[in-house]
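# Structural description and commentary
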Amino acid sequence: MGHTNAAVAAPALGLTKPNAVEPPQVTFAAKDIEFTDWKGGILTVAITEKDLSKDSDSKFENEVLKQLDGQLGGLLSEATAEEDFTGKAGQSVVLRLQGQPFKRVALIGLAGHNAASLQGLGESVASVAKVAQASSVAIVLASPSGIQEDSKLNAAAAIASGTVLGLHEDIRYKSEWKTAVQLKQVDLIGLGSGPELDQKLKYADHLSSGVVFGRELVNSPANVLTPATILAVLAEEASKIASAYNDVFTATILDAAKCEELKMGAYLAVAAASANPPHFIHLCYKPTTGTIKQKLAIVGKGLTFDSGGYNLKTLPVASIELMKRDMAGSATVFAAAKALGQIKPPGVEVHFIAAACENMISGTGMRPGDIVTASNGKTIEVDNTDAEGRLTLADALVYACNQGVDKIIDLATLTGAVRVALGPSIAGIFTPSDELAKEFVAASEVSGEKFWRLPMEESYWESMKSSVADMLNTGPMQPKGGAITAALFLKQFVDEKVQWMHIDIGDPVWNHKKRTATGFGVATLVEWVLKNSSS
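What this report covers is the structure whose coordinates are included nearby. None of these values were measured; they are calculated from a predicted model.

## With respect to a nonpolar patch on the surface
Taken together, Tyr310, Leu312 and Ile361 make up a surface patch of nonpolar side chains, about 270 Å² in accessible area. Position of Ile361 relative to the elements: it lies in the loop between strand E10 (348-359) and strand E11 (371-373). For Ile361, a relative accessible area of 40% translates into the label partly exposed.

What follows is the structure in structure tokens.
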């Protein structure tokens, strides 16, 4: 499966074309060997603050550190003292060695043994390997007993996934783009071995490739996403997924005329101002054998650029320069589809849906005060053209319900209010279903991604009622409780018989410090689908 590097039929605005950069090819293996006998580039040891405690003779009490320090003639004791290494997450010390089977030893701080910490460990290992230009690395935990036996598979997967994601650099738009990654082999020592663990490491590789794919979709600028039209890239990538995994995927791409036949008035109103036509994208995953026990839909907001429309994003806080990321919901959906196409879970049918378009300004565009009609017949007074994502999702949710699914999850960079409430690292989830909330939270505990359930306060819906239509698209309460009223709005387009969850992914999809996409949400969606499969 490729990246977003489609051959261009016409020069993009600015004459920019992404380089065809192949991702690093890293092999992971679980080994039951004595870690001090491992031969290779860097032996990395993951250390918590507790692991560094010493006895009355100033010797490490931790058995792994004691054994390694003895083999290295006390070098670890000296280095941890001189470098003020305390085992905190983000800390690392790398020592070059002579006369040992491994060329270097690296001490890496570990916050704990949960999924997020272990993925962070993998990212740190990747960083150390890149700096040292190492081709092989081994990873050992100073306190492997901190991981329960039944959690070792997920722990290994988290470390492996973190390593791959730590190696990833999106350099497609650099004029000098030669990758510095030399790492080819990563051995995990002390977490067991065997076919089941090997399969889990393969799963981590599939998942990571999906996350990287999602990152690169979000990072792609709006002027070069597609050969002839900006929006075609999502349709093109969806078709690529279906083609690459045609044993389990089919793709349906609806143009504007077909969407009009389906009476998708809310979606088409948003798209009306753009010179780039809308593409409504539907991928369907269906296993080749076995009985389908669950039918799921995952819907993503697909605004490839959001100017705000006539309610133009003019304030600095609106970050119009980052509005290429307003399609992060759909990128997450298609990234999960790519990963699941490789994993091929049985017993579950999954519909991946995105109503892709741009929100621009022109004489043909949607105006404040317009009334639009969604495909379920409900009318919406547009009191803010910059609340466009929910309009596209309205028709996408109706379409998803019409596929006969049991459960729907939608994802969207929908409101600034959720960023105010939860900050840069946590996404807000809204659902009337306690069962679905519990199911999704369990999946997030495996992935290590952070979500927080917020209330759906029904009394707030009063503020969303229009005097001339069925509802407003924002209402006078905005921005107070804006994430809640947005969720209540979407609820109007979901069949009551279908379990539904809305995820406002806000800031976690973007790393502001590094100015790059994170791939947030992909891992949890994949875990959620697997929990609904018969495997």
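## Quick notes on the pattern of salt bridges
According to the stated counting rule, one finds 20 salt bridges in the structure shown. Among the ionic pairs, Arg172 bridges to Glu216, the shortest N-O distance being 3.8 Å. Here Arg172, found in the loop between helix H4 (152-167) and strand E6 (185-189), pairs with Glu216, found in helix H5 (residues 195-219); they are 44 residues apart in sequence, far enough to count as distant. Classification of Arg172 as buried rests on a relative accessible area of 1%. Under the relative-accessibility criterion, Glu216 is labelled buried at 5%. In this structure, Lys344 and Asp247 form a salt bridge, with 3.9 Å as the shortest nitrogen-oxygen distance. Of this pair, Lys344 sits in the loop between helix H9 (328-343) and E10 while Asp247 is found in the loop between helix H6 (232-244) and strand E7 (249-254), placing the two residues 97 residues apart along the sequence. On the basis of relative accessible area, Asp247 is assigned to the partly exposed category, the value being 40%. Overlapping salt bridges bring together Asp170, Arg172 and Glu216 as one network.

## Section: the nonpolar core
Judged by nonpolar contacts, the single largest core of 94 residues is most densely connected at Leu121, Phe249, Phe334, Phe352 and Ile503. Among the elements that line this core, the one with the most residues is H5, at 10 residues. Residues in contact with Ile503, not counting those within four places in the same chain, are Ile409, Asp410, Leu411, Ala412, Ala427, Gly428, Ile429, Phe440 and Phe451. Counting 53 residues, the second-largest nonpolar core is a separate cluster that includes Ile380, Leu422, Trp461 and Val498.

## So, the sheet that holds strand E17 (residues 499-504)
The strand order across the open sheet formed by eight strands is E7-E8-E10-E9-E13-E17-E14-E15, and the pairing between neighbours is mixed. Across the chains shown, the open sheet's two edge strands, defined by having one partner strand only, are E7 and strand E15 (451-453). For this sheet the average axis-to-axis angle between neighbouring strands, irrespective of direction, equals 20°. Two strands pair when backbone bridges link them, and strand E14 (residues 427-430) and E17 are joined in this way by three bridges, in the antiparallel orientation. Residue Phe430 lies in a different strand from E17, and its bridge partner there is His502.

## Notes on the packing of aromatic side chains
Taken as a whole, this structure holds seven aromatic pairs when the rule is applied. Look at Phe249 and Tyr285: their rings are 5.7 Å apart centre to centre, the planes differ by 65°, and that puts the pair in the edge-to-face class. One end of the pair, Phe249, is in strand E7; the other, Tyr285, is in strand E8 (residues 279-285), and 36 residues separate them in sequence. Exposure remark for Tyr285: the relative accessible area of 1% places this residue in the buried category. Among the aromatic side chains, those forming a connected cluster through ring pairs are Phe249, Tyr285 and Phe352. One Lys or Arg, Lys200, reaches over the ring of Tyr203 and ends 4.5 Å from the middle of that ring.

What counts, and where the lines are drawn
- Residues numbered from 1 in each chain as written.
- Predicted model: local features only at pLDDT ≥ 70, side-chain atom pairs only at ≥ 80, totals over all residues.
- Heavy atoms only, no water.
- Patch = residues over 30% accessible without salt bridge, like charges linked within 9 Å, V, L, I, M, F, W, Y side chains within 5 Å.
- Areas by Shrake-Rupley, 256 points an atom, 1.4 Å probe, with all protein chains shown as cover.
- Salt bridge = Lys/Arg side-chain N within 4 Å of Asp/Glu carboxyl O.
- Helix = DSSP H or I, 4+ residues; strand = E, 2+ residues; numbered from the N terminus.
- Buried < 20%, exposed > 50% of the residue type's maximum accessible area, 1.4 Å probe, protein only.
- Core = buried A, V, L, I, M, F, W, Y, C linked by side-chain atoms within 4.5 Å.
- Contact = heavy atoms within 4.5 Å.
- Pairing = 2+ DSSP bridges.
- Axes fitted to C-alpha atoms, helices over the stretch in contact; angles between N-to-C directions.
- Phe/Tyr/Trp six-rings, centres within 6.5 Å; stacked < 30°, edge-to-face > 60°.
- Lys NZ or Arg CZ within 6 Å of the ring centre and 35° of its normal.

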